[in-house]
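Residue-level structural notes
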Amino acid sequence: MKTAVKRKAQILAIDAGGTMTDTFIIDENGEFVVGKAQSTPEDESIGLLNSAKDAFAYWDTTVEEQFPKLLAGVYSGTAMLNRLVSRKGRRVGLIVNKGMEDFHRMGRAIQAYLGYSYSDRLHLNTHRYDPPLVPRELTRGVTERVDLFGNVVIPLYEHEVEPAVRELLELDVEAIVISLLHSYKYPDHERRVRDIAKEVMKKVGKEVPVFASVDYYPVRKESHRTNTTIIEAYAADPSRETLIKINNMLKSHGANFDLRVMASHGGTISTRANELARTLVSGPIGGVIGAKYLGEQLGIRNIACSDIGGTSFDMALITQGDLSINTSPDMARLVLSLPLVSMDTVGAGAGSYVRIDPNFKSLTLGPDSAGSRVGVCYPEGGVDTVTVTDCHVVLGLINPDNFLGGEVKLYPERAYEAIKKQIAEPLGLSVEDAAYGVIDLLESQLRNYLESMILGKGYSPSQYVCFSYGGGGPLHTAGYTKGLGFEDVLVPAWAAGFSAFGCGAADFEYRYDKTLDINVNDGASDDEKRKAGKELQAAWNELKEKVAAEFEKSQFSREDVDFRLYFRMQYQGQLNDLEIEAPIKEFKNIGHWNELVNAFEDTYTRVYAKAAKSPELGYSITGAIVRGIVEVPKPKIPVEPFAGETPSKEAYLGKRNVYWKGKWIEADIWEMEKLKPGNKIKAFSIIESPATTFVIPPGFETYLDQHRIFHLREI
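An account of the accompanying structure is given in this report. This one's a predicted model, so the numbers in the text were calculated from it and none came from an experiment.

The rules we used
- Residues numbered from 1 in each chain as written.
- Predicted model: local features only at pLDDT ≥ 70, side-chain atom pairs only at ≥ 80, totals over all residues.
- Heavy atoms only, no water.
- Helix = DSSP H or I, 4+ residues; strand = E, 2+ residues; numbered from the N terminus.
- Rg over C-alpha atoms; globule rule 2.2 N^0.38 Å.
- Buried < 20%, exposed > 50% of the residue type's maximum accessible area, 1.4 Å probe, protein only.
- Contact = heavy atoms within 4.5 Å.
- Pairing = 2+ DSSP bridges.
- Axes fitted to C-alpha atoms, helices over the stretch in contact; angles between N-to-C directions.
- Parallel < 35°, antiparallel > 145°, perpendicular 65-115°, else oblique.
- Left-handed = near helix turned anticlockwise from the far one by under 90°.
- Nonpolar A, V, L, I, M, F, W, Y, C, P; charged D, E, K, R; others polar.
- Phe/Tyr/Trp six-rings, centres within 6.5 Å; stacked < 30°, edge-to-face > 60°.
- Patch = residues over 30% accessible without salt bridge, like charges linked within 9 Å, V, L, I, M, F, W, Y side chains within 5 Å.
- Areas by Shrake-Rupley, 256 points an atom, 1.4 Å probe, with all protein chains shown as cover.
- Salt bridge = Lys/Arg side-chain N within 4 Å of Asp/Glu carboxyl O.
- Polar contact = N/O pair within 3.5 Å; in protein donor to acceptor, adjacent residues only side chain to side chain.

**Notes on the overall build of the protein**
Within the protein, the secondary structure is distributed over 17 helices and 35 strands. The C-alpha radius of gyration computed for the protein amounts to 27 Å, which stays within 12% of the reference 27 Å derived for 715 residues, consistent with globular compactness. Expressed as lengths along the three principal axes of its C-alpha atoms, the size of the protein is roughly 80 × 55 × 55 Å. Across the 715 residues of the protein, 58% fall into the buried class. Summarising the internal contacts of the protein: among those between residues at least 6 apart in sequence, 68% fall at separations of at least 24.

Take a look at the structure:
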């Protein structure tokens, strides 16, 4: 919708997904606009520029006019993850303890079946083992041993390091990773290997980057730590080139800021950050952070996040205003040591392929997808297998002439023929019934995923407000929330760019973790408690220095940083610890120890139960965490005056035939941008926007509130 208002853009937030690239532009008043364009994986800067042009067109302005006014830009994307999944990273060499050369490819055993269904785990013909990121022939062992308490059992045999490095260089490795057992307790050996490696490189005149795990991820679990450090060398560091290319494109069009990147822990970091692997999954994280920020503005503390894009369905829970952080996640069938916002992801999206299982003659969805090519209906071809979007087009749910605001014209006749041949005829169904069956199957699967995630964590959907977003979210919101009994279901008008909105709402934040083993028995003396507290404080001080050093790369001084202290604690002997925000700024006395314990037990009783408290076991502090935050501009949630329940005639686009539950019916079509707060839309209706389509099927109605958020209700 064009407007003559003079705009001054302030923040550019980018979500470069596998199918679409969204840009979220925020102006000086906190008002925003969403742009959308197809992703260009070969050069992400192209899709980004096209998406930004689309956004600025709504404000009747241009990239050239607005980029010089921008104060900040935040990026999230899939380039690094794609590099990892497709195994197109650097050739990396690995130095480990002698005798442990095989532990990386063994992968803690769990990697042998991560991502596989139960049946696929059992059958050799469908179970394959991914090759290790570093093959055995590029792995070398050196003699040394540190025990789990950090004591040196066998000193480092320094004379073994030089030949190991020389051999790896002769094998043309492009980076070297060093990971030794229990190095997080005693880092000197790893750092000595690192220094010797650099000396050898100078001698032979061939330098490659060296990554010692203690310089990046000084945490326990050697498989997780080693994988993550390898990813740093294999995929993250090379991805800086992508980020530099995007940064250069922005600057060539007048931008004056340095790009920031969405990180796995929910903050944003500089492209020059030491640990870039934390940006491995940035897109879906943006949506969860956006939901948390929007919830804070609206006073909603319990949120079930649901995000449908072209390739996946991402879910997360925000409980009492807090996110859960998983410190040992898995990704691309690898166990990792990254602080990651806890999410559940399934390969079911709008671009997911639809096939018939040859054994059972039943429909299967995904997990692979057509990505940016959408489906068989895509004008440029290249897709032969039916997708969920093809079904949308055949059923009349999507206007083929208004995809991306008309920039891409879809071909329903191609989708019709493909569904007929691949799905309908083999199942003995009409094309329409086959297409409707696909949508019904997708929504029932998504409903089951969402419900099981909430119930599996010990909660009920009735305790949560469901936020639905992503380009494909509003198409299916009614279908996958039906009957679950959520307190409310919200669909922001900017749902298609919600992950980009979340990037714009994220803090500029660095987070560093350090593994500790501090045990305090029940009935311990005050001196023992003070000693434990001082050890924790020493770890916090060390991590503060790392956080401050990262901010200095972006010209922020220590005084600009808000340091927040966290710790991980459990009862002695238990398997799982909890992450707690410290109620103190610095440990000074025995009273502070009691405050730490009380904070832990308050959280413990919320997660488990009051009856589960076990102080007689004593306490273990298993980790120290420091988050450093610098305030940045954030989007303002829109507030518009109410205009009554009846939408204006301008918003009505007419009727369209839609196939629903065995018959063709006429649906009212509305233009999303012309609906006003207070407007109520009843079934059967389709609310169209250039970036998304919102379906209101029988049994539902929706109204738009003053913040341009749709509330979907069962009636």
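**Here we look at the pairing of strand β33 (residues 693-696)**
The two faces of the sheet receive side chains in turn, since in a regular strand these alternate between them. Residues of β33 alternate between two faces, with Thr693 and Val695 on one and Phe694 and Ile696 on the opposite face, all of them buried. Here strand β32 (residues 685-688) runs beside β33; their pairing, made up of four bridges, is antiparallel. Bridging across to β33, Ser685 finds its partner in Ile696. In sequence, β32 turns back onto β33 through a hairpin of four residues.

**Regarding the packing of helix α11 (residues 388-395) against helix α12 (residues 412-427)**
At a minimum axis separation of 9 Å, α11 and α12 run at an interaxial angle of 110 degrees. If you check the angle between α11 and α12, you find them roughly perpendicular. Like other packed secondary-structure pairs, α11 and α12 cross with a definite hand, here left-handed. In this structure, α11 uses Asp390, Cys391, Val393 and Val394 to contact α12, whose residues at the interface are Pro412, Ala415, Tyr416 and Ile419. Counted by class, the contact of α11 with α12 contains seven nonpolar, no polar and one charged residues.

**Concerning the packing of aromatic side chains**
The geometry of an aromatic ring pair comes down to the distance between the two centres and the angle between the two planes. For the structure on display, the rule yields 27 aromatic pairs. Relative to Phe551, the ring of Phe508 has its centre 5.1 Å away and its plane inclined at 75 degrees; by these criteria the two rings are edge-to-face. Of this pair, Phe508 sits in strand β25 (residues 508-520) while Phe551 sits in helix α16 (residues 526-552); the two residues are 43 residues apart in sequence, bridging distant segments of the chain. Exposure class is identical for Phe508 and Phe551. Each is buried. Taking 4.9 Å as the distance between ring centres and 80 degrees as the angle between the ring planes, the aromatic pair formed by Tyr571 and Tyr604 counts as edge-to-face. One end of the pair, Tyr571, is in strand β26 (residues 562-571); the other, Tyr604, is in helix α17 (residues 590-607), and 33 residues separate them in sequence. Of the aromatic side chains, those joined through ring pairs into one cluster are Phe24, Tyr293, Tyr469, Trp494, Phe498 and Phe501.

**Comments concerning a nonpolar patch on the surface**
Among the surface-exposed residues, Val153, Ile154 and Tyr157 lie close enough to one another that they form a single nonpolar patch of about 240 Å² accessible area. Here Tyr157 shows up in the loop between β8 (152-154) and α6 (161-170).

**So, the pattern of salt bridges**
In this structure the tally under the stated criterion is 43 salt bridges. The closest approach of N and O atoms between Arg240 and Asp237, which form a salt bridge, is 2.8 Å. One end of the pair, Arg240, and the other, Asp237, are both in helix α9 (residues 222-252), three residues apart, so they sit about a helical turn from each other. Across the pair Arg627 and Glu509 runs a salt bridge whose closest N-O atoms are separated by 2.7 Å. Here the residue Arg627 occupies a position in strand β28 (residues 619-630), and Glu509 occupies one in strand β25, the gap between them amounting to 118 residues. Here the residues in one salt-bridge network are Arg511, Asp513, Arg568, Asp577 and Glu579, joined through shared partners.

**A closer look at the sheet that holds strand β29 (residues 652-660)**
Strand order in this open sheet of four strands is β29-β30-β32-β33, and the pairing throughout is mixed. Pairing within the sheet leaves two strands with one partner each, and these edge strands are β29 and β33. Direction aside, neighbouring strands of the sheet carry axes that sit 30 degrees apart on average. Where strand β30 (residues 663-671) lies against β32, four bridges are found, and the strand directions are parallel. Bridged to Glu671 within β32 is Glu688.

**Some thoughts on the sheet that holds strand β10 (residues 210-212)**
On the basis of which strands lie adjacent, the open sheet formed by four strands has the order β6-β5-β9-β10 and parallel pairing. Strand pairing shows two members of the sheet lacking a second neighbour, β6 (139-142) and β10, which therefore form its edges. In this sheet, adjacent strand axes meet at a mean angle of 20 degrees when their direction is disregarded. Looking at chain direction, strand β5 (residues 92-97) and strand β9 (residues 175-178) are connected through four bridges and run parallel. Directly across from Gly93, in β9, lies its bridge partner Ile176. Packed on one face of the sheet, α6 meets β5, β6 and β9 and runs near 175 degrees to β6. Across the sheet, helix α7 (residues 188-204) is in contact with β5, β9 and β10; its angle to β10 comes to roughly 170 degrees.

**Considering unusual backbone geometry**
Residue Phe684 follows Ala683 across a cis peptide bond; omega there is -10 degrees. Along the chain, Phe684 falls in the loop between β31 (680-682) and β32. Although it is not a glycine, Asp60 adopts a positive phi angle of roughly 55 degrees. With respect to the helices and strands, the residue Asp60 is situated in the loop between α1 (44-58) and α2 (63-66). Residue Asp60 is classed as exposed on the basis of its relative accessible area of 54%.

**Comments concerning the environment of Ile325**
Looking at the element boundaries, Ile325 is found in strand β16 (residues 325-326). Once you skip the residues sitting within four places of it in the chain, Ile325 turns out to touch His265, Pro339, Leu340, Val341, Ser342, Arg511 and Glu579.

**Regarding the side chain of Ser183**
Structurally, the position occupied by Ser183 is in the loop between β9 and α7. Classification of Ser183 as buried rests on a relative accessible area of 2%. For Ser183, the side chain forms a polar contact with the side chain of Glu190, separated by 2.7 Å. The residues touching Ser183, leaving out its near neighbours within four places in the chain, are Glu190, Ser213, Val214 and Arg225.

**Considering the side chain of Arg278**
Tracing the backbone through its elements, the reader meets Arg278 in the loop between β12 (268-270) and α10 (283-298). A polar side-chain atom of Arg278 sits 2.7 Å from the main-chain carbonyl oxygen of Arg511. Among residues more than four places away in sequence, those in contact with Arg278 are Tyr217, Met262, Ala263, Ser264, His265, Ile269, Leu338, Pro339, Arg511 and Tyr512.

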